[in-house]
Amino acid sequence: MRKAGLGLIAGLGAASGILSNPLFERVSASAWASSPKQPGRRWGMVIDTRRCPEGCTTCLDACRRSHNVPTFSDPRRQVEWIHKEDGRALLGTACATKQAIPALCNHCAEPSCVRACPTDSIFRRKDGIVAIDYHRCIGCRSCMLACPYGEVSFNWSDPRPAIKEPTPEYPTREQGVVEKCSFCSDRLKKGLEPSCSSQCPEGAMTFGDLNDPKSAVSRLLGSNETMRRKPELGTEPSVFYII
Amino acid sequence: MFEKALKGNAAYWTWITFLAVLAGAGIHGYRIQSEEGLASTGMGVGAVWGIYNAQLPFLAGLAASALFILVPERLMKRSELSAAAPLSAFLAAVAAAMSLLFIAAGLGMPSRIPGLFMNMSPSAPASWHAPALMAYLVLSLSAGWALLASRKKGTTPPRWLRAVVMLAVPVGFALPVIAAFMLAVMPTYGLWTSAMLAPRILVSGLAAGMGLLMFMVVAMRRSAGPDEGKELVERLAGYTALAGLASLFFIGLDAGTAFLGNLPSETYALRLLYSDMAREALPAAYAPFSLLPSVLLVAGAVSVALLLLPVVRRTGGMLAAAAGLLIAISAWFDRGPGLILAGQASPDGGTVYAPAMPDMLVTIGIWAGGALLLTALLKVTISVRRSREAL
């Protein structure tokens, strides 16, 4: 209800012309979920590991640019929404490739990060996106430990000086909050695809509605052998890998 | 009544000053941390929770231990425990207050602390932690204070105190359960997803609480005269020994399950604690501490064995008090740093947490603050006792 109220205020601001292009995404109160497996749209991604070239970082760079993700050199302070990791480490020995493939938030249907968050700052939307309210996060880092994939990052220090190419298109975060991939929900509402999949030169990343049998992701899932990360944990990831 | 804490001899004020200096160092550490962010601490990717969160399970168990004195004393008319009742209530209050401080110290966004109470997410166990601690702090502090006030006046404690204790029962028992369940939502850490976690926190907290209480009662008898019988110390020593024995049994059960099942995450954490591995995994400066877990485990076990001897319990002197203190320290490591820091280490490699200067200072500062509060409350208790004797 609080969020719906904030959305309304932002909406009024937009209507009155004060914020012609509001940075904050507006979401209706019905946009977050009661039950994960209900019908409707469920965003997902299929990554073709065979088409992902070694050494290419186009998706990583696009993500960093479009969301003001800071770049820290110290590996212990890293903030990443998407990164590349050895395929075997990511998916286990059944994965044919040992080269690095992209890994991002899985937007699980049963997200353990959401169960861990004491303030409801990380929540699952009706469309399957697991989103973070940066203005509500208290920085306790429970979600980081709960995520079995290590896809939540924390701003150990002020991220703003570490943003290499700042963009006014998306808000920056502050020291002391967590952040992670949002499936580019800000771009989705403009009718655009996520920046990583839209900029992949090899077309290795396909984004779409998992619940729509005619969508590109559903067709790929039907015609290929796919894997998900740590399926044994029952988190039901929405990111699939063709091996 | 509190003015009694402001009168004391030179030794008392030296001790207070010492603790205040340490607490001041903690404030200094916190200033560094809030300026530079949590990047200034030893925490980071691979060691997301550090020494702050490492205190929480132990303190939850310690806080809950007061129920094992307050419930029989208030609700079952076991008057032989009366002398220990205000002390145990104060110990619980200090543990709850320290827990709240440690939670606050570990947050990236301390300005949003009200969110912990206003934006609760009932399905998340962690969400109940701070509210339960706050409620328990109020309940235990008011119980201890009311008990002491009635002692001072020589009247029977008020009847509403029974309601306070009854209310404290569900809240107090919830503390170890919340502390365990907020770790249980983290599926990849074997040490944290055991159903034994809540009972282990409760039982080792009980051993620690009774051990500390015994230590305090023996110390008070030495400073304020032996007005309470030896039976109290003997009884507390018995509780400590039994809880310690149960705790050791539970440690064995968890370790047995881990090694018989060859569970990778659990066995890794246990090897890290109790074998040579820590020496290599820890930063060089901390290498001398790699034996600490084993030493504390053995010290705890020996102390439990000592307290199982009837002669030690009956004598109830410094030997029993020292055993109680050692059991408390051993339980602190077992359900504190041993659980959170070693439990977080990954078999796939990566960094093992070691505190940096700010988090070390803040931790020492909060412990000193807790000791300061406990000292003041003990001082009031002793003064009340002395003024009763003077009558």
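Everything numeric in this text was worked out from a predicted model, so none of it was measured.

Colleague: Explain the packing of aromatic side chains to me, and be specific about the residues and the numbers.
Modeller: How two aromatic rings sit relative to each other is given by the distance of their centres and the angle of their planes. Enumeration according to the criterion identifies 13 aromatic pairs over all chains in this entry. A ring pair is formed by Phe 183 of chain A and Phe 207 of chain A, whose centres lie 5.1 Å apart and whose planes are at 90°; its orientation type is edge-to-face. Of this pair, Phe 183 of chain A sits in the loop between strand S7 (178-179) and helix H6 (185-188) while Phe 207 of chain A sits in strand S8 (residues 205-209); the two residues are 24 residues apart in sequence, bridging distant segments of the chain. Of the two residues, Phe 183 of chain A and Phe 207 of chain A, neither departs from the other in class, the shared state being buried. Relative to Trp 13 of chain B, the ring of Tyr 12 of chain B lies with its centre 5.4 Å away and its plane at 70°, an arrangement referred to as edge-to-face. Classification of Tyr 12 of chain B by relative accessible area gives buried; the value is 10%. Among the aromatic residues, those joined into a cluster by ring pairs are Trp 43, Phe 183 and Phe 207 of chain A. One residue, Arg 141 of chain A, lies across the ring of Phe 154 of chain A, its end atom 5.2 Å from the ring centre. Positioned over the ring face of Tyr 12 of chain B is Lys 379 of chain B, at 5.2 Å from the centre of the ring.

Colleague: Just give me the short version of helix H6 (residues 129-153) of chain B, but keep the residues and values in it.
Modeller: One turn of the α-helix equals 3.6 residues, which is why residues spaced by three or four share an orientation. Taking 1.5 Å per residue, 25 residues should reach 36 Å; H6 of chain B reaches 36 Å between its end C-alpha atoms and fits that length. Directly after H6 of chain B, the chain includes Gly 154 of chain B, whose backbone phi takes a positive value near 75°.

Colleague: With reference to specific residues and values, describe the confidence of the model for chain A.
Modeller: Low-confidence regions, as indicated by low pLDDT, have predicted coordinates that should not be scrutinised in detail. Residues and elements named next belong to chain A. The predicted model of chain A averages 85 in pLDDT, with 84% of residues at 70 or higher. Segment residues 1-23: pLDDT under 50, and 21 contacts once partners within four positions in sequence are set aside and those in other chains are kept. Across residues 26-36, confidence stays below pLDDT 50; counting only partners more than four residues off in sequence or on other chains, it has 23 contacts.

Colleague: Describe the interface of chain B and chain A, listing the residues and the values that go with them.
Modeller: Each partner contributes to the interface: chain B provides 38 residues, whereas chain A provides 34 residues. Of the roughly 2800 Å² buried between chain B and chain A, counting both surfaces, carbon and sulfur atoms make up 57%. Inspection of the region where chain B meets chain A yields one salt bridge. The salt bridge involving Glu 174 of chain A is made with Arg 112 of chain B; its shortest N-O contact spans 3.0 Å. When residues of the side of chain B that touches chain A are traced back to their parent elements, those giving at least two are helix H1 (10-36) and helix H5 (115-118) of chain B. The dominant element in the side of chain B that touches chain A, judged by the number of residues it contributes, is H1 of chain B, at three residues.

What counts, and where the lines are drawn
Residues numbered from 1 in each chain as written. Chains lettered and ligands numbered in written order. Predicted model: local features only at pLDDT ≥ 70, side-chain atom pairs only at ≥ 80, totals over all residues. Heavy atoms only, no water. Phe/Tyr/Trp six-rings, centres within 6.5 Å; stacked < 30°, edge-to-face > 60°. Helix = DSSP H or I, 4+ residues; strand = E, 2+ residues; numbered from the N terminus. Buried < 20%, exposed > 50% of the residue type's maximum accessible area, 1.4 Å probe, protein only. Lys NZ or Arg CZ within 6 Å of the ring centre and 35° of its normal. Expected span 1.5 Å × (residues − 1). pLDDT = per-residue confidence, 0-100. Contact = heavy atoms within 4.5 Å. Buried area = accessible area lost by both parts, 1.4 Å probe. Salt bridge = Lys/Arg side-chain N within 4 Å of Asp/Glu carboxyl O.

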